[in-house]
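Survey of secondary and tertiary structure
Spelled out from the first residue to the last, the chains are:
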Amino acid sequence: MRTHYCAEVNEEHIGQVVTVAGWVSSRRDHGGLIFIDLRDKDEVIQLVCDPADNVEAHKIAEDVRDQYVLVATGTMRARGEGLENPKLKTGKVEMVVDKLVIENRSKPMPFDLNDEKVNEEIKLKYRYLELRTQKSYDIFKLRSKATIATRNALDELDFLEVETPIITKSTPEGARDYLVPSRVHGGEFYALPQSPQLFKQLLMVGGFDRYFQIAKCFRDEDLRADRQPEFTQIDVEMSFCDQEDVIKVAEKLISNVFSACGFDIPTTFNRMTYSEAMENYGSDKPDMRYDLAMVDVIDIFERCDNEIFSSIAKSPKKNRIKALKVPKGDEIFSKRQMKGFEEYVRKFGASGLGYFQMKEDGLKGPLAKFFTEEDIQAIVDRCELEVGDAVFFGAGDKKLVWDYMGRFRIYLAEIMDIIPKDTFEFLWVMDFPMFEVEDGRVKALHHPFTQPKSLDYEDIEEIESIAYDIVLNGTELGGGSIRIHKEEMQAEIFKLLGIDEEEAQEKFGFLLDALKFGAPPHGGFALGLDRLIMLMTGSSSIREVIAFPKTQKAQCLLTQAPSPVDAEQLKDLSLRIRQQTPTA
Ligand code: ASP
């Protein structure tokens, strides 16, 4: 007789003899009768061990403890009136146990598997125990569905799944590389790929036309809540395409994957330029589940009597004065709260936060005295203020204002609790700048292989690229670009990035060479699979959707990696440890 999965057993089995196997999730001894909840991968079944039915099975049940592995055989019967559990697929039945085998015992659990608040370190040390919970199983079931749906959708669109190397030469995506020392070539190193970017471009030069890979990427960067040193991307590239073709593939892929996972989402997504995103929402990944857009008021403030504001307003190219209206804000927030908001934005470099309240008798607030009546009216009109609204102002360097006002917008939405749950708001952010200048150094905003719209420019930061990001609920899900396919242009971009010919040859010679041999026009994108699953499952951290994740300090608490190696191994690799970096 085959062993049933718990979820397969239902009223149809009443009267039949069935065998199930699993882990004890709880055991209740009702003086005589022993009830055991036995759980396998995705369901729980109730076992009843009654000495009146079978003395031996009951005797074994007395020995059973939580998380023991059991195989139970018995006759299924209906649960008594009022004892049904509608939450379980098996909730109408129970097994009267005839034969109970303890396949394995278990030490007491080091933490309560069902307590979500348990310290994460202990959960990560015993990650396999956490994986035994229903919650984890459901996450990985969905992840598997999404991965398979990805393969199916791209296969249908004629994409070829191709693997690219893991130990390779560095492919820069803006982070530090993980290096692998070579034994055969002492003193030389491979790098783990930050993404398959250059290899996928070479596959296009190789004439493959459409490629995809569910690829592991490795980036040694300071870890934040939703980052991991290794993560998985759905990586896609195609030839003879323009931006619209790539966007169509991405939308088809995403909508198919969501639908395979049981979510209904639109088949095309809204779009916004980078500049609209920054000017209106202070972020290149605005959360569009709520509005709270900012408006520009720099021209009105230029005329005010406050020297600080009017002087900021004199440089409208470099600076911004942004107003953020909160409908009914004056009614919702106390004066103290309004002042508290200033402290919040100061943490992100703001020197202050002005505000007005829209009262029955007009616009009031500490700044009002600096404006003429007409300009007060201009503010009311521009911000479309109604009685009861509040409006906040950020002023200063544009990048700073975008940043802190963008954060403030999210902060307000959170404290006002206006972010709808269980909705997916997708957004394309397009027309990214090609470069950004930081401390006088030119950097590629996307990556250096992205095609600029043109190279005629006065200000290098004004060059736009054919790059697009896909944003979901305020999280960057992925992005991509049309690539440079001509060697001269690629060389020019390296030059602008301050990479001289020798360095370009040494680092990217193979790419520059390939572009000389009839490289087709091409472009693509990559989506973060872990982030996608995190958002789909409403998980609070990316670690929940990775089977064996690392901590924020890039450690694996389960295996204790990273760890020292033998002197012999170091010698083989021609390495000597000069000093131990203290582990934080
Ligand atoms: N390689 C890029 C990344 O990893 C994505 C792309 O341009 O396709 O972010």
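For the structure, check the block above.
The sections below set out a description of the structure shown in this document.

Calculation notes
Residues numbered from 1 in each chain as written. Predicted model: local features only at pLDDT ≥ 70, side-chain atom pairs only at ≥ 80, totals over all residues. Heavy atoms only, no water. Helix = DSSP H or I, 4+ residues; strand = E, 2+ residues; numbered from the N terminus. Buried < 20%, exposed > 50% of the residue type's maximum accessible area, 1.4 Å probe, protein only. Lys, Arg positive; Asp, Glu negative; His and termini not counted. Charge placed at Lys NZ, Arg CZ, Asp CG, Glu CD. Salt bridge = Lys/Arg side-chain N within 4 Å of Asp/Glu carboxyl O.

1. Describing the overall build of the protein chain
Summing up its helical and strand segments, the protein chain has 17 helices and 23 strands in all. For the protein chain, the spread of C-alpha atoms along the three principal axes comes to 90 × 75 × 55 Å. When burial is assessed residue by residue, the protein chain has 47% of its 584 residues classed as buried. Counting 76 positive and 102 negative side-chain charges, the protein chain places the centres of these two groups 4 Å from one another.

2. Describing the pattern of salt bridges
Where charged atoms from two side chains of opposite charge come close, those side chains can pair. Counting across every chain of the model gives 39 salt bridges. Notably, a salt bridge pairs R382 with D299, separated by 2.8 Å at the nearest N-O pair. Here R382 is found in helix 12 (residues 373–383), whereas its partner D299 is found in helix 8 (residues 298–302), with 83 residues between them in sequence. Residue R382 is classed as partly exposed on the basis of its relative accessible area, which comes to 33%. Residue D299 is classed as partly exposed on the basis of its relative accessible area, which comes to 33%. With its nearest N and O atoms 3.0 Å apart, the salt bridge here joins E462 to K317. With E462 in the loop between strand 20 (441–444) and strand 21 (467–472) and K317 in the loop between helix 9 (307–313) and strand 14 (319–326), this residue pair connects regions lying 145 residues apart in the sequence. Overall, E462 belongs to the exposed group, its relative accessible area being 52%.

3. A word on the environment of E81
Position of E81 relative to the elements: it lies in the loop between strand 5 (69–78) and strand 6 (93–104). Given the relative accessible area of 82%, E81 is considered exposed. With 307 residues separating them in the primary sequence, E81 and G388 have C-alpha atoms 57 Å apart.

4. Quick word on unusual backbone geometry
In this model, A561 is joined to P562 through a cis peptide bond whose omega is 0°. As for its placement among the helices and strands, P562 is situated in the loop between helix 16 (529–537) and helix 17 (567–572). Within the chain, D417 stands out as a residue other than glycine whose phi angle is a positive 55°. Considering the arrangement of structural elements, one finds D417 in the loop between helix 13 (398–416) and strand 18 (426–430). Judged by relative accessible area, which is 57%, D417 ranks as exposed. The backbone of S574 shows a phi angle near 55°, a positive value even though the residue is not glycine.

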